[in-house]
Amino acid sequence: MSGCHVIFFGPPGGGKGTQSALLKKDYNFAHISTGDALRAEIAAQTELGKKVKSIVESGALVDDDTIMNVLKSAITKVSGDNFILDGIPRTIGQAEKLNTVLKEINKPVTHVIYITVDHDELKTRICGRLFHPGSGRTYHKVFNPPKEPMKDDITGEPLIVRKDDTEEVFENRMKQYNDTFKPVLDYYEKSGELRTINGSGKNVEQIYTEVKKLLGLN
Ligand code: AMP
């Protein structure tokens, strides 16, 4: 067994996506997001996509067996040694099944990392976020503005504010995040595996340095 097999936890806007992208670029990590995988199935109108569409759109949880199948299919496509799991596990049942699945393929979880950020800082980050739909690039009105107002730096195409990046929806997403992940975080806390990075007041590079340290990378 070799490589880093990481579970990433963190609130919406906490920088998980940014850190995953850096690890992908610098160390060839595969980024497995069950939410992204489900959205791709829905867009392609597969049998699975049709089955989960209304559940995903309502924000409820897809059942554990379906999610584990999505995970297995994604993990068999990983070619390198390193991967990040994002959005899974969301229940204790998934955490237990995940252990079994990963042991079977001889890739047990090596790191469980939780990036925390203060509630108010998250709100500021999310509520000023600008999004380029074509590439997924994000900007921030104050902290990371585009070169030209409301235009993507690379393509010049218009930027949008995502419907879920408003203050009201943010509060709902935070509540849902806390309700869903708290028991799972407690599970990893009890098992002694959870490592927490306090991301408040830190920039991307500072957090990345801490992530790499935890993963033994430099
Ligand atoms: P995300 O992009 O991770 O917020 O996921 C979007 C949606 O996909 C969630 O609101 C759930 O409906 C579904 N989903 C993603 N991952 C899981 C999971 N591990 N367990 C159950 N449902 C999930």
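These remarks concern the structure in this document.

How each quantity is defined
- Residues numbered from 1 in each chain as written.
- Predicted model: local features only at pLDDT ≥ 70, side-chain atom pairs only at ≥ 80, totals over all residues.
- Heavy atoms only, no water.
- Helix = DSSP H or I, 4+ residues; strand = E, 2+ residues; numbered from the N terminus.
- Rg over C-alpha atoms; globule rule 2.2 N^0.38 Å.
- Buried < 20%, exposed > 50% of the residue type's maximum accessible area, 1.4 Å probe, protein only.
- Contact = heavy atoms within 4.5 Å.
- Areas by Shrake-Rupley, 256 points an atom, 1.4 Å probe, with all protein chains shown as cover.
- Lys, Arg positive; Asp, Glu negative; His and termini not counted.
- Charge placed at Lys NZ, Arg CZ, Asp CG, Glu CD.
- Expected span 1.5 Å × (residues − 1).
- Near = heavy atom within 4 Å.
- Polar contact = N/O pair within 3.5 Å; in protein donor to acceptor, adjacent residues only side chain to side chain.
- Nonpolar A, V, L, I, M, F, W, Y, C, P; charged D, E, K, R; others polar.

### Details of the overall build of the chain
Counting its regular elements, the chain contains eight helices and seven strands. What you see for the chain is a C-alpha radius of gyration of 17 Å, in line with the 17 Å of a compact globule of 218 residues. Overall size of the chain, expressed as C-alpha extent along the three principal axes, is 50 × 40 × 35 Å. For the chain, with 218 residues in total, the buried portion stands at 38%. Sequence separation of at least 24 residues holds for 71% of the intrachain contacts in the chain that already meet a minimum separation of 6. For the chain, the exposed surface amounts to about 11900 Å²; the carbon and sulfur share of it is 51%. Of the side-chain charges in the chain, 30 are positive and 30 negative, and the distance between the mean point of each set is 2 Å.

### Structural notes on helix α4 (residues 64-76)
In this model α4 runs 18 Å from its N-terminal to its C-terminal C-alpha over 13 residues, within 8% of the 18 Å that 1.5 Å per residue would give. The set of residues buried in α4 consists of Thr 66, Ile 67, Met 68, Val 70, Leu 71 and Ile 75. Of the surrounding secondary structure, the elements contacted by the buried residues of α4 are β2 (30-33), α2 (34-43), α3 (47-58), β3 (83-86) and α5 (92-104).

### What to know about the site of the ligand
Around the ligand, a shell composed of 14 residues is seen, among which Thr 34, Arg 39, Ala 60, Gly 87 and Gln 94 lie nearest. Measuring from a nitrogen atom of the ligand, one finds a side-chain N or O atom of Thr 34 at 2.8 Å. At a separation of 2.9 Å, a nitrogen atom of the ligand approaches a polar side-chain atom of Gln 94. In the complex, the protein chains occlude 85% of the 480 Å² of accessible area that the ligand would expose alone. Top contributing element to the shell around the ligand by residue count: α2, with four residues. When its residues are assigned to classes, the shell around the ligand shows seven nonpolar, five polar and two charged.

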